[in-house]
Amino acid sequence: MSPARPPRPLVLALPKGRVHEEAVALFRRAGVDLGSTLSETRKLTHEAGGLRVLVVRAQDVPTYVAHGAADLGIAGRDVLEEERPDVYEPLDLKLGACRMVVAEPHDRPVDERGLVHVRVATKYPQVTRRYLEGRGLFAEVIKLYGSVELAPLTGLADRIVDLVSSGETLRQNGLREVDTIMHVTSRLLVNGASLKLRGREVDALLRRLRAVL
Ligand code: PRP
C-alpha cells in the first residue's frame, strides 16, 4: 500500500489592501502568523501560518471560495451583498468597518419627488438597484470601478452609492450623505465542500479566531 499523501494546507483567500493588514493582525492574535503575506508584496501565493494564502482583489474573494479554489476567504458585506455567492459565512470578523451610503453634492440636492432623470454612480449596481426598488425610486445606475466621488463633480451622475469610513473623501469633494444603506464589516467565508470534508481543521481555526474577537 502506498503511503497516504499528506493533505494540502487549507487555502485562505485574503483581500488586498486595508482589510489584509487588519486580518494579519487578527490572525496573529489567534496564533496564526500571516506576516509574510504583507512583506512579500509581489507574490500572489504564500505558505504562512500552516495555511496556503492567496492575495486577490476584494471582489474576487467570494469567487475563489464559491468555486473551491480557496477553502476559506475574507470578504466585506458590501461585496457579499453585491455578489451573493454560494458560500458559508460562519463568522463576522468585524474588520474593515465602514458604511455604504447614498451621497450627493451639497449644492445640488436631488428632489426625489421630481420627475427629472436621476443617475446614480456606484461600484455596487445590484445593491443600488435593490435599494432604489425598495424605496420606489427610479434612477439610472451607472457602474464604475473606482473614484466614484468624481461622478457628481463631472456631471456623470447626480448621486453616488459608495463606502464611507472617515467621511474625508466625501467632505473633500463637496458631497454629503443622504442615506445609509448598510453597515459593512468583513466576514470569514467557507466553501461548502471544505466545511464537510475538512470540518475539523476549519472548526479549529474558527475556534481560535472566535477566542480573540
Ligand atoms: C474607499 C471608498 C471611498 C473612500 C472612503 O475608496 O470607495 O472612496 O475609501 O474613505 P473615507 O470616508 O475614509 O474618505 P478606496 O480607497 O478603496 O478607492 P476607490 O475609490 O478607488 O475604490
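Rules behind the numbers
Residues numbered from 1 in each chain as written. Predicted model: local features only at pLDDT ≥ 70, side-chain atom pairs only at ≥ 80, totals over all residues. Heavy atoms only, no water. Near = heavy atom within 4 Å. Polar contact = N/O pair within 3.5 Å; in protein donor to acceptor, adjacent residues only side chain to side chain. Helix = DSSP H or I, 4+ residues; strand = E, 2+ residues; numbered from the N terminus. Nonpolar A, V, L, I, M, F, W, Y, C, P; charged D, E, K, R; others polar. Salt bridge = Lys/Arg side-chain N within 4 Å of Asp/Glu carboxyl O. Buried < 20%, exposed > 50% of the residue type's maximum accessible area, 1.4 Å probe, protein only. Pairing = 2+ DSSP bridges. Right-handed = clockwise from strand over helix to strand, strands pointing away.

Engineer: Any chance you could explain the site of the ligand here in plain terms?
Structural biologist: Near the ligand, the surroundings consist of Lys123, Gly146, Ser147, Glu149, Asp162, Leu163, Val164, Ser165, Ser166, Gly167, Glu168 and Thr169. Glutamate 149 places a polar side-chain atom, nitrogen or oxygen, 2.6 Å from an oxygen atom of the ligand. In the environment of the ligand, an oxygen atom lies 2.9 Å from a nitrogen or oxygen atom belonging to the side chain of aspartate 162. Listing elements by their share of the shell around the ligand, those giving two or more residues are strand E8 (159–164) and helix H7 (168–172). When residues in the shell around the ligand are grouped by element, the largest group, 3 residues, is from E8. Within the shell around the ligand, the residues separate by chemical class into 2 nonpolar, 6 polar and 4 charged.

Engineer: Help me understand the pattern of salt bridges in this model?
Structural biologist: Pairing between side chains becomes possible if they bear opposite charge and their charged atoms approach one another. All told, the structure shown has 16 salt bridges when counted by the stated rule. The partner of arginine 18 in a salt bridge is glutamate 22, and the shortest N-O contact between them spans 3.0 Å. Here arginine 18 pairs with glutamate 22, and both are found in helix H1 (residues 18–29), just 4 residues apart, close to one helical turn. Given a relative accessible area of 23%, glutamate 22 falls into the partly exposed group. The salt bridge involving glutamate 168 is made with arginine 171; its shortest N-O contact spans 2.7 Å. Of this pair, glutamate 168 and arginine 171 both sit in helix H7, separated by 3 residues, roughly a single helical turn. Several salt bridges converge on common partners, so that one network encompasses Arg77, Glu81, Arg84 and Arg130.

Engineer: Sorry if this is basic, but what is going on with the pairing of strand E6 (residues 119–122) here?
Structural biologist: Here is the key point about a regular strand: its side chains alternate between the two faces of the sheet. In this structure, E6 lies alongside strand E7 (residues 140–143), joined through 4 bridges in parallel fashion. Counted as the bridge partner of valine 120 is valine 141 from E7. Considered for its hand, the β-α-β crossover made up of E6, helix H5 (residues 125–135) and E7 is right-handed. Taken together, the 3 bridges between E6 and E8 define a ladder with parallel strand orientation. By the bridge assignment, threonine 122 is partnered in E8 with valine 161.

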